[in-house]
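Okay, here's what each chain looks like letter by letter:
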Amino acid sequence: MKKTNLESKIVTAMLLVVIIAGSIWSKAYFYSDELVQAVIETIMNKKTTSAQLEKQKEFLDMMPFKRMMIDLNGTMEQVLNLRELYKNSGGVVLENGYVSGIYGVTTTNYELQQIVDLKDFLDEKGIQLLYVNEPTKYFDDAVIERDMGKRTYINANADTLLEGMAEAGVNYIDLREIYTELGYESFDLFYKTDHHWTVRAGKIAAEAIAAELNGKYGYNIDLTLYEDEKFLVTHYENAWLGEQGRKLGTSFVGLDDFDLILPDYYTDYTVTYMGGNTFSGVFGEVLVYQEAYSSELNSDVYEALSWHYSYMAGGLSESVVCNNMNLEGKKILVLGDSFDQVTVPFLSLGVSEVQTLVLRNYEGSLREYISEHDIDTVIIAYASIMIGAHDNEASANYNMFDFS
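Because the structure is predicted, anything quoted here is derived from the model rather than measured. (Residues numbered from 1 in each chain as written. Predicted model: local features only at pLDDT ≥ 70, side-chain atom pairs only at ≥ 80, totals over all residues. Heavy atoms only, no water.)

A. How the structure looks around the sheet that holds strand S8 (residues 278-281). One open sheet accounts for eight strands, arranged S4-S3-S12-S10-S11-S9-S7-S8; its pairing is mixed. The open sheet has two free edges, formed respectively by strand S4 (172-174) and S8, since each of these has just one partner strand. Each strand axis lies, on average, 15 degrees off the axis of its neighbour in the sheet, ignoring direction. Of the strand pairs in this sheet, strand S9 (residues 318-323) and strand S11 (residues 353-357) are connected by five bridges, and their pairing is antiparallel. The partner of Glu 318 across the bridge, within S11, is Leu 357. Contacting strand S3 (128-134) and S4, helix H7 (residues 154-168) runs over the sheet at an angle of about 160 degrees to S3. (Pairing = 2+ DSSP bridges. Helix = DSSP H or I, 4+ residues; strand = E, 2+ residues; numbered from the N terminus. Axes fitted to C-alpha atoms, helices over the stretch in contact; angles between N-to-C directions. Contact = heavy atoms within 4.5 Å.)

Encoded structure:
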């Protein structure tokens, strides 16, 4: 049964009383005015600003029993079925237990123009372009309306952009279609408590990209490298808490499983991360930080490292992944986002070199970078949540489609 707005206000007030009591025992009360303001914003159904969210984090970091407070908060949310309480910062909780976002409608004219202009630039240099649409937790926007009675437009936005690219002659692959053809439901491919997709989803995406490169781009990637029987899978049950879940509490959304997937054949890599840090070795040593799964680092799931970022732990901001077993292959530049932490490593199994840039962090000119590097193909691999980020200058992803 849907809870009333009054019940939401009651639980918020109860939490405020407990939090203020706790703040007496620590310096956290120095930030209590910001927290109270954030609570008022929530009650009034107003969106909290990024500055207020940062103050909330500072407040909670000072609490002497932070984890207990988060779990208490989660328990109360669950009991009162307050699945929308953190929709502006953490996401809504769907009936199936997955935390998910709600996204507004946007024009895709800016993104399309940037992609077309980049294609024209690459065509002049004889470099190929491929766009990869990475999905969100639901492939159908109607899922949110049926569950929450709310409108979301993330898939509609992606559809509009892809339709524009088709008309402009830009080649793309839509992973929603590929996953569906393979029999996957969208939620099979994502974590409950984190907005990222799973390692297996990234592996499947890499294989789909490799197949596309073979079919339309003149590559000769050995697709047998991606056969499931050639990988070792270590399954961790109820092992970690994602970024969204940390705001809602394990008592509300639980913990996520995790699959560590490694090739069961010999590999040899040289990987250079931003800043020049270079590592050499096999896939599981230089492309996966397996210490992230240790019990010592996970004694507190709220403070533990994100398991999603255990792949390509040095980051994608400006990295070069060299497959020393494939020295005669072609070189790819992936313009990606954090989803590609678990795509790039598997894609690298079939090619000589994968370079990566994340434009939100890159201060140089993309076109200058391309002109100065040996690149055969540029792949724009973006999660659908990137579409429309140009609507908000305060967004961390504001520059993701600036391909100048």
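B. View of the layout of surface pockets. Looking at the second largest pocket, its volume works out to about 290 Å³. Surrounding the second largest pocket, 18 residues form its lining, Asp 188, Phe 190, Thr 198, Asp 257 and Asp 259 being those nearest its centre. The element best represented in the lining of the second largest pocket is strand S6 (residues 256-263), accounting for four residues. When grouped by side-chain class, the residues that make up the lining of the second largest pocket number nine nonpolar, three polar and six charged. (1 Å grid on protein atoms, 1.4 Å probe; cavity = no way out; pocket = protein on both sides within 12 Å on 5 of 7 lines; lining within 4 Å. Points joined across faces, edges and corners; volume = space filled by probe spheres on them. Nonpolar A, V, L, I, M, F, W, Y, C, P; charged D, E, K, R; others polar.)

C. The arrangement of the pattern of salt bridges in detail. Scanning the entire structure with this criterion turns up eight salt bridges. One salt bridge connects Lys 230 with Glu 227, and the closest N-O pair in it is separated by 4.0 Å. Look at Lys 230 and you get partly exposed, because its relative accessible area is 29%. Take Glu 227: its relative accessible area is 30%, and that puts it in the partly exposed class. Each of Asp 159, Asp 174 and Arg 176 takes part in a single network of salt bridges with overlapping partners. (Salt bridge = Lys/Arg side-chain N within 4 Å of Asp/Glu carboxyl O. Buried < 20%, exposed > 50% of the residue type's maximum accessible area, 1.4 Å probe, protein only.)

D. Just unusual backbone geometry, in detail. One non-glycine residue with positive phi stands out, namely Asn 238, at about 45 degrees. Since its relative accessible area comes to 47%, Asn 238 is described here as partly exposed. For Met 312, which is not glycine, the phi dihedral falls at a positive 50 degrees. Mapped onto the fold, Met 312 is located in the loop between helix H12 (283-286) and S9.

E. Structural detail: a nonpolar patch on the surface. On the surface, Tyr 289, Leu 297 and Leu 305 cluster together into a nonpolar patch covering about 260 Å² of accessible area. Structurally, Leu 297 is set in the loop between H12 and S9. The class of Leu 297 is partly exposed, set by a relative accessible area of 36%. (Patch = residues over 30% accessible without salt bridge, like charges linked within 9 Å, V, L, I, M, F, W, Y side chains within 5 Å. Areas by Shrake-Rupley, 256 points an atom, 1.4 Å probe, with all protein chains shown as cover.)

F. Structural view of the packing of helix H5 (residues 109-125) against H7. Between H5 and H7, the shortest axis-to-axis distance is 10 Å and the interhelical angle comes to 35 degrees. With respect to the hand of their crossing, H5 and H7 are arranged in right-handed fashion. Between H5 and H7, the residues in contact are Glu 111, Leu 112, Ile 115 and Val 116 and Leu 161, Gly 164, Met 165 and Ala 168, respectively. Class assignment of the residues belonging to the contact of H5 with H7 gives a composition of six nonpolar, one polar and one charged. (Left-handed = near helix turned anticlockwise from the far one by under 90°.)

G. Just empty space enclosed by the protein, in detail. Taken as a whole and judged by the stated rule, the model has two cavities of 30 Å³ or more. In terms of lining, the largest cavity is formed by 13 residues, of which the most central are Tyr 103, Thr 136, Lys 137, His 195 and Ile 385. In terms of residue class, the lining of the largest cavity is made up of six nonpolar, six polar and one charged. Roughly 30 Å³ of internal volume is contained in the second largest cavity. Taken together, Ile 209, Val 334, Asp 340, Thr 343, Val 344, Leu 347, Ile 379 and Ala 381 make up the lining of the second largest cavity.

H. Broad picture of the side chain of Asp 147. Position of Asp 147 relative to the elements: it lies in helix H6 (residues 142-148). What makes Asp 147 buried here is its relative accessible area of 18%. A distance of 2.9 Å separates a polar side-chain atom of Asp 147 from the backbone nitrogen of Glu 95. Filtering out sequence-adjacent residues up to four positions away, Asp 147 remains in contact with Arg 83, Leu 94 and Glu 95. (Polar contact = N/O pair within 3.5 Å; in protein donor to acceptor, adjacent residues only side chain to side chain.)

I. Focus on helix H9 (residues 199-216). For H9, spanning 18 residues, the distance from its first C-alpha to its last is 26 Å, which sits close to the expected 26 Å at 1.5 Å a residue. Those residues of H9 that fall on the buried side of the exposure criterion are Val 199, Ala 201, Gly 202, Lys 203, Ile 204, Ala 205, Ala 206, Ala 208, Ile 209, Ala 210, Glu 212 and Leu 213. (Expected span 1.5 Å × (residues − 1).)

J. The packing of aromatic side chains, seen in detail. For the coordinates displayed, the defined rule picks out 22 aromatic pairs. For the pair Tyr 191 and Phe 258, a centre-to-centre distance of 6.3 Å together with 5 degrees between the ring planes defines the contact as stacked. Note that Tyr 191 is positioned in the loop between helix H8 (175-181) and H9 and Phe 258 in strand S6, a separation of 67 residues in sequence. On the basis of relative accessibility, which here comes to 3%, the residue Tyr 191 falls in the buried class. The class of Phe 258 is buried, set by a relative accessible area of 1%. Following the ring pairs from residue to residue traces out a cluster consisting of Tyr 191, Tyr 236, Trp 240, Phe 258, Tyr 293 and Trp 307. (Phe/Tyr/Trp six-rings, centres within 6.5 Å; stacked < 30°, edge-to-face > 60°.)

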